[in-house]
Amino acid sequence: MAEQFPDRATLEAILDYYVEAGVDLALDEEPHDRFSEIAPPPPAPIARPIEPLREPAPLRAMPQAAVAPEEAVVQARELARHAKSLEELETILAGFEGCSLKSSAKNLVFSDGTPQSRVMLVGEAPGADEDRIGKPFVGRSGQLLDRMLAAIGLDRNQVYIANVVPWRPPGNRTPTPQEVAICKPFIARQIELAKPDFLICLGGPAAQNLLDVKDGILRTRGRWFTYRTEEGRDIRALATLHPAYLLRQPLQKRLGWRDFLALRRALNGETSPGE
């Protein structure tokens, strides 16, 4: 009996079924039994004797400050008070173990610029670029600060730059009140030894910690304060916006420009309105 083939309509119906099922491509002319082509399973692995469990290695704790925070503050005050020069203060800071930020930072970020300049600028804490290089304000915010100084006729060689906290907090987080309290005696002594005529606080944290103000930076910027050292010397201080903030809020650069114009007038012996 002759083999019966489906008619054209039946074949088209079968093809339509395959297409609906997602089978829309022929891979070969003839069908293949793929199951017969499956390779035999690999031989079972040779059993090995089970080694006895070893004691896990003890976890290494992150380095911690050698003393309690309260004791570290007292120690910092005593050490800072005995520094007779900026070089000696930097050496003391490099060997100080009372602040846990030192263990996570790459470098001590002490200062940049020229000591005994008429202008000293102080920020809050180093960022990633500053931590890598060991100098304050060298990243994008530092480049903006350089342009702001140049606009009033100054450069880094004519100012002195530092931070309240000389070590970078992990992840650029805000320093804790304890960390600031431990580092504050060192920046206070640094200001005393630098002997600036004008102290510029870059950003709210620097202004709040050095000038003992409670208001935010948008309320305190542009105002002149008096910073008194432990030796009893009065320094004129100006609060202004941090360059990093100005990068995030470009429209506020006009306020920073006004503050730097006030600094230029003060350097020239002019009296600013409202003084």
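In what follows, the structure referred to is the one given above.
Residues numbered from 1 in each chain as written. Predicted model: local features only at pLDDT ≥ 70, side-chain atom pairs only at ≥ 80, totals over all residues. Heavy atoms only, no water.

A tally of helices and strands in the protein yields 11 helices and 6 strands. Residues classed as buried in the protein amount to 39% of the 275 residues present. Excluding contacts between residues fewer than 6 apart, the proportion of contacts in the protein whose partners are at least 24 apart in sequence is 71%. Taken as a whole, the protein presents about 17,600 Å² of accessible surface, with 54% of it coming from carbon and sulfur. (Helix = DSSP H or I, 4+ residues; strand = E, 2+ residues; numbered from the N terminus. Buried < 20%, exposed > 50% of the residue type's maximum accessible area, 1.4 Å probe, protein only. Contact = heavy atoms within 4.5 Å. Areas by Shrake-Rupley, 256 points an atom, 1.4 Å probe, with all protein chains shown as cover.)

If you want to describe how two helices pack, look at the angle between their axes and the distance between the axes. At a minimum axis distance of 9 Å, the contact between helix α6 (residues 140–151) and helix α11 (residues 253–267) shows a crossing angle of 45°. By the criterion of interaxial angle, the relationship of α6 to α11 is oblique. Classified by chirality, the crossing of α11 by α6 is right-handed. Touching Leu-144, Leu-145, Met-148, Leu-149 and Ala-151 of α6 are Lys-253, Gly-256, Trp-257, Phe-260 and Arg-264, all from α11. (Axes fitted to C-alpha atoms, helices over the stretch in contact; angles between N-to-C directions. Parallel < 35°, antiparallel > 145°, perpendicular 65-115°, else oblique. Left-handed = near helix turned anticlockwise from the far one by under 90°.)

A few words on the packing of helix α2 (residues 69–81) against helix α7 (residues 177–194). For the pair α2 and α7, the least separation of the axes is 8 Å and the interaxial angle reads 5°. Taken together, the axis directions place α2 and α7 in an arrangement best described as roughly parallel. Across from Pro-69, Ala-72, Val-73, Ala-76, Arg-77, Leu-79, Ala-80 and Arg-81 in α2, the residues of α7 making contact are Gln-178, Ala-181, Ile-182, Pro-185, Phe-186 and Arg-189. By residue class, the composition of the contact of α2 with α7 is 10 nonpolar, 1 polar and 3 charged. (Nonpolar A, V, L, I, M, F, W, Y, C, P; charged D, E, K, R; others polar.)

Glancing now at empty space enclosed by the protein. In total, this model carries 1 cavity of 30 Å³ or more according to the counting rule given. Taken as a whole, the largest cavity holds about 40 Å³ of empty space. Lining the largest cavity, in full, are Leu-93, Val-109, Phe-110, Asn-163, Val-164, Pro-166, Cys-183, Phe-186, Ile-187 and Gln-190. The element contributing the most residues to the lining of the largest cavity is α7, with 4 residues. Residues that form the lining of the largest cavity fall into these classes: 8 nonpolar, 2 polar and no charged. (1 Å grid on protein atoms, 1.4 Å probe; cavity = no way out; pocket = protein on both sides within 12 Å on 5 of 7 lines; lining within 4 Å. Points joined across faces, edges and corners; volume = space filled by probe spheres on them.)

Considering all chains together, one arrives at 2 aromatic pairs under this definition. Seen in terms of ring centroids, Phe-96 and Phe-186 are 5.1 Å apart; in terms of plane orientation they differ by 65°. Their pairing is edge-to-face. Pair noted here: Phe-96 is in the loop between α3 (86–95) and α4 (101–104) and Phe-186 is in helix α7, with a separation of 90 residues, a long-range link. Of the two residues, Phe-96 and Phe-186, neither departs from the other in class, the shared state being buried. Here Arg-236 stacks its cationic end above the ring of Trp-224, 4.3 Å away from the centre of that ring. (Phe/Tyr/Trp six-rings, centres within 6.5 Å; stacked < 30°, edge-to-face > 60°. Lys NZ or Arg CZ within 6 Å of the ring centre and 35° of its normal.)

Attention now goes to the nonpolar core. Formed by 68 residues in total, the largest nonpolar core has its most connected members in Met-120, Leu-121, Trp-167, Leu-199, Leu-210 and Tyr-227. Sort the elements by how many residues they give to this core and α7 lands first, with 9 residues. Among residues more than four places away in sequence, those in contact with Leu-199 are Met-120, Val-122, Ile-191, Leu-210, Tyr-227, Ile-235, Arg-236, Ala-237 and Leu-238. (Core = buried A, V, L, I, M, F, W, Y, C linked by side-chain atoms within 4.5 Å.)

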